[in-house]
Amino acid sequence: MSKRLLCPILLSCIIVMLLSGCGSAVPRGTLHVALPYSDNVQDADTNYYIGWLEDRTGLDLEITTVRQTRSTDYLDMLFSSDTDIDVILFGGDFTVSPETVEAYVRAGDIDDTDGVSWYANAGADAREGAGQILWINYEWLTGLGLAIPTTTEELEAVLCAFRDRDPNGNGLKDEIPLAGSMDAYVYSPVEFILNAFVYNDPIHSRYGLGDDADVLMASSDGFREGLAFCRRFYAEGLLDAHFADCSRSLLSELVNSPSDLVGAFTTGSISDVVYQGNPEIMARYVHVLPPEGPGGVRNALYSVQEPTVGAVITKRSTKKAEARKLLETMLSEEASLIARFGERGVDWDFSDGLDVSIYGGTSTVVTRNYIWNTSQNKHLNGIGPMNVPERYIGGVTWNGVNSDAEYIDGRAQMSYREFLPAADRFHERDEALSSYMDRAVADFVLGKRDIGSDREWEDYLKELSSY
Amino acid sequence: MGRLFKRTVILLSVLCLLCAGCGTAESGSRSGADMAADEEETPEALYRKALEEDVLIVYTVSTRVAPVKESFEKAYPGLSVEIRDLRSPNLIEEVEANDKNSVSSCDVVLCNDNSGDFKTRLVDTGIVVPYLPSDIAAHMKTGMTGEMVSFFNEAELLFYSSAKYEKCPIGNLWELTDPIYRGRVFMPNPLRSFSTWALCGASLDHADELREAYREYTGEDLAEDNGENAAEIFWRRLSENLVFTNSSDEVVEALSSGNADFGFCVSSKLRFRDIGYEIEPVWKLAPFTGCRTTYAVMMARNARNVHAAKLFIRYMLGETDGSGEGYKPFCTVGTWSARDDVPDGSPVPLDEIDLITPDQDRLIAGKKRIETFWTGIMKESTVTGK
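Residues numbered from 1 in each chain as written. Chains lettered and ligands numbered in written order. Predicted model: local features only at pLDDT ≥ 70, side-chain atom pairs only at ≥ 80, totals over all residues. Heavy atoms only, no water.

**Quick notes on the domain arrangement of chain B**
Interface extent is often summarised as the accessible area lost during association of the parts.
Residue and element names in this part refer to chain B.
Right, on to step 1. When the domains of chain B are assigned, the result is domain 1 (31–152 + 294–337) and domain 2 (155–292 + 350–383).
Right, on to step 2. Using C-alpha coordinates to define each centre, domain 1 is positioned 30 Å away from domain 2.
Right, on to step 3. Counting from both sides, the interface comprises 22 residues of domain 1 and, opposite them, 22 residues of domain 2.
Right, on to step 4. Summed over both sides, the interface between domain 1 and domain 2 buries roughly 1800 Å², with carbon and sulfur atoms accounting for 60% of that surface. (Domains from an automatic or database assignment. Contact = heavy atoms within 4.5 Å. Buried area = accessible area lost by both parts, 1.4 Å probe.)

Okay, structure coming up:
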């Protein structure tokens, strides 16, 4: 080989070697991310969305799984140690309020560069609609020859039949006519029933709406009448004796029991309680329109989904710019659609417009695999920041699966629409007042306080006015 | 014997042995299609063999399979059934996809067989095969068996809201096109609902009756232009009043709550009247109120759990005398029995209802025309935001 030919080859080799050396010498930034544990996220190391975020941002995400559910315990422990965490994600059972975040900002633990102390999670669910739906056991109704109740009186009669007539047919008195939990308002049948007596919005401290936004409904005679009705339900064994101590997960176990134990329950979404991939259980329950109370009141709880805290950046992070890049990427439309629906082309796709949305409008998204609230590894199941535009959340097309939770929810939402009050103004939530009222409601229903006693009611009103 | 001859004989012998071995292996794993032909097995024998199989997977368009699963599992301890409950077009896609695997994860298929898609894509291709034991076949009504086993009849039917009307306020189908019903007539998207597709498609063959009904209703002749026949003109005009839904469930929910005045949906939804839904069927209407539909139960040719599948089908068809628990969930009001020894679930005989009967071959032949027409309608409805 001539020297003339050899030289360019050698030169090329050197250049290639240098270039490849350069490639490996450029370090990818590594971000340490705290991710709350979720039954619905199989493996963060192989999660599709995390991989997509790494590709898109050029960052390596080192995930630390958070096992605690009390976020303040975790934050206190984290900030009192020298653990190297740049970003903390919130969601699922691991939540934090904006007020709590601000307290940590003031303590110098959470970053608030440019006034941004947290990144929002918005659009995991439909932004507005009925906040609480009653579901009833269809097979028990048909088995006993009963109609869906339309009034509180009929509801009571149906629940009595559930209690007394062995609808699951096992010869045991093991039926729970109306199950519930006080883990969240949506699981409490008491909150639902109160809406047949007065507009009851526990999310906004039981104030009214619109012109009544400053009227405390919890001090009205209707509210007292509703509490007395719920007390009777509890005393007669129609409402689960353990509902005040029942967690959401226990409620879920009861509803999903193969022994067919539960007659009715309330949720925001049926997938909050009924396991996905269980079509028999899904088929067992149908939604019930809000029953009409003795005074003709018939309300559905109007709910607007406010953005929640999706993530924060720690003050001690030495990679704040990279952390912001990650979180801003998560808020992009493309990322948010993955975060909500999974892998495009596999789990979902844009609609061709020939379908009807499950909420009755124009379709925008077709879900091929409904993976929300299931054990999957495509996204973080609502954990972390996201911003799914309403047109996609409201425009989801049915995937044809009869037991699809989103479809079942959508039908319930459409049916509840006419019972939603016109809402142009809410009262701001008052935590102390709400906390007091929540305790009082439980006490009256459980019989720790006597709802029939005028003196005890006066005491309650007096305490209420002190807030 | 020469060396070459000896070698040839040895080679041929080895080949024969290999082939025989292959044959043995093949017959040891008979396909669902082979097994479907073997119709004389008793439930007891099937049960014994089914106990050695895996979880039975049933693809269905009917939620009524859920109680069948429950009673089947009680009747046959040790057997488990998994239900995949899908809308017809999605079911066909899934079953087709499954068939591409040598061993399918689909054993039994229950589907509306009216659009022609089920026939052309699953039956004609042999992806699903009929299984009908002779003791049950003896009790099937004429026309319910053949290349498909149709196990009950339904109708895609007009309903009205009894929450709003004490009796049906119309006597002629064209009255639905009156602007007073704008946004008050609900119907599943025909591009996604097989039974609605069957109604819309079959109506093309009844243009004369529709033309006559128009004359009765308006006293005038129907002006037909743009190459559309009376049926297409009817649907186009009705589309001004229509609210499209995903399924019949949404239709009956809207009727019962008073959000709709009329709705087309499958007649079996009439069973919701038992739990208080305020819906009433329209049995009589000029020129027709709906169309007949049937449901088929078939086995996947690559079924993994052949014996469990056969046992399940037997059970679902009501066993020898039709009294079995498995058929009962389908004998509800709004359905008509496929068996001559099981009474109809409905008080009105099928032939006393103003129904048209889809001609499946014509639906298959006219698929493009129907699809183009309804794609246009759906796109217009999207634009207008209905």
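Structure's up, so let's keep going.
**A closer look at the sheet that holds strand β3 (residues 87–89) of chain A**
All names here are of chain A.
Right, on to step 1. Within the open sheet, the six strands sit side by side as β2-β1-β3-β11-β4-β14. Their pairing is mixed. Taken across any chain shown, the strands that pair with only one partner, and hence form the sheet edges, are β2 (60–66) and β14 (386–387).
Right, on to step 2. Strand direction decides the pairing type here: strand β1 (residues 30–36) and β3, joined by two bridges, are parallel. Bridged to Ala34 within β3 is Ile88.
Right, on to step 3. Seen against the sheet, helix α3 (residues 71–79) touches β1, β2 and β3 and runs at an angle of roughly 165° to β3. (Pairing = 2+ DSSP bridges. Helix = DSSP H or I, 4+ residues; strand = E, 2+ residues; numbered from the N terminus. Axes fitted to C-alpha atoms, helices over the stretch in contact; angles between N-to-C directions.)

**A look at the sheet that holds strand β15 (residues 396–397) of chain A**
Residue and element names in this part refer to chain A.
Right, on to step 1. Strands sit in the order β12-β13-β15 across an open sheet of three strands; the sheet is mixed. Each edge of the sheet is formed by a strand with only one pairing partner; in this case those strands are β12 (348–350) and β15.
Right, on to step 2. Two elements, β12 and strand β13 (residues 365–367), share three bridges in a ladder whose sense is antiparallel. If you follow Phe350 over to β13, its bridge partner there is Val365.

**What to know about the packing of helix α15 (residues 431–446) of chain A against helix α16 (residues 454–465) of chain A**
A pair of packed helices can be characterised by two numbers: the angle between their axes and the separation between those axes.
Residue and element names in this part refer to chain A.
Right, on to step 1. Look at α15 against α16: their axes get within 11 Å of each other, and the N-to-C directions meet at 170°. By the angle between their axes, α15 is roughly antiparallel relative to α16. Considering how the two elements wind past one another, α15 and α16 form a crossing that is right-handed. Between α15, through Leu433, Tyr436, Met437, Ala440 and Phe444, and α16, the contact on the second element is made entirely by Glu456, Trp457, Tyr460, Glu463 and Leu464.
Right, on to step 2. Considered class by class, the residues forming the contact of α15 with α16 number eight nonpolar, no polar and two charged. (Parallel < 35°, antiparallel > 145°, perpendicular 65-115°, else oblique. Left-handed = near helix turned anticlockwise from the far one by under 90°. Nonpolar A, V, L, I, M, F, W, Y, C, P; charged D, E, K, R; others polar.)

**Here we look at empty space enclosed by the protein**
Right, on to step 1. Across all of its chains, the model carries seven cavities of 30 Å³ or more by this definition.
Right, on to step 2. Considered as a void within the structure, the largest cavity measures approximately 380 Å³ in volume.
Right, on to step 3. Lining the largest cavity are 25 residues, with Asn402 of chain A together with Val61, Ser248, Val266 and Tyr295 of chain B positioned closest to its centre.
Right, on to step 4. Broken down by class, the residue content of the lining of the largest cavity amounts to seven nonpolar, 11 polar and seven charged. (1 Å grid on protein atoms, 1.4 Å probe; cavity = no way out; pocket = protein on both sides within 12 Å on 5 of 7 lines; lining within 4 Å. Points joined across faces, edges and corners; volume = space filled by probe spheres on them.)

**Side note on the confidence of the model for chain A**
A low pLDDT score tells you not to read the predicted coordinates there in detail.
Right, on to step 1. A residue-level look at chain A finds 94% of positions with pLDDT of 70 or above and a mean pLDDT of 90.
Right, on to step 2. Predicted confidence is poor over residues 18–25 of chain A, with pLDDT under 50, and the contacts of this stretch with residues over four places away or in other chains come to zero contacts. (pLDDT = per-residue confidence, 0-100.)

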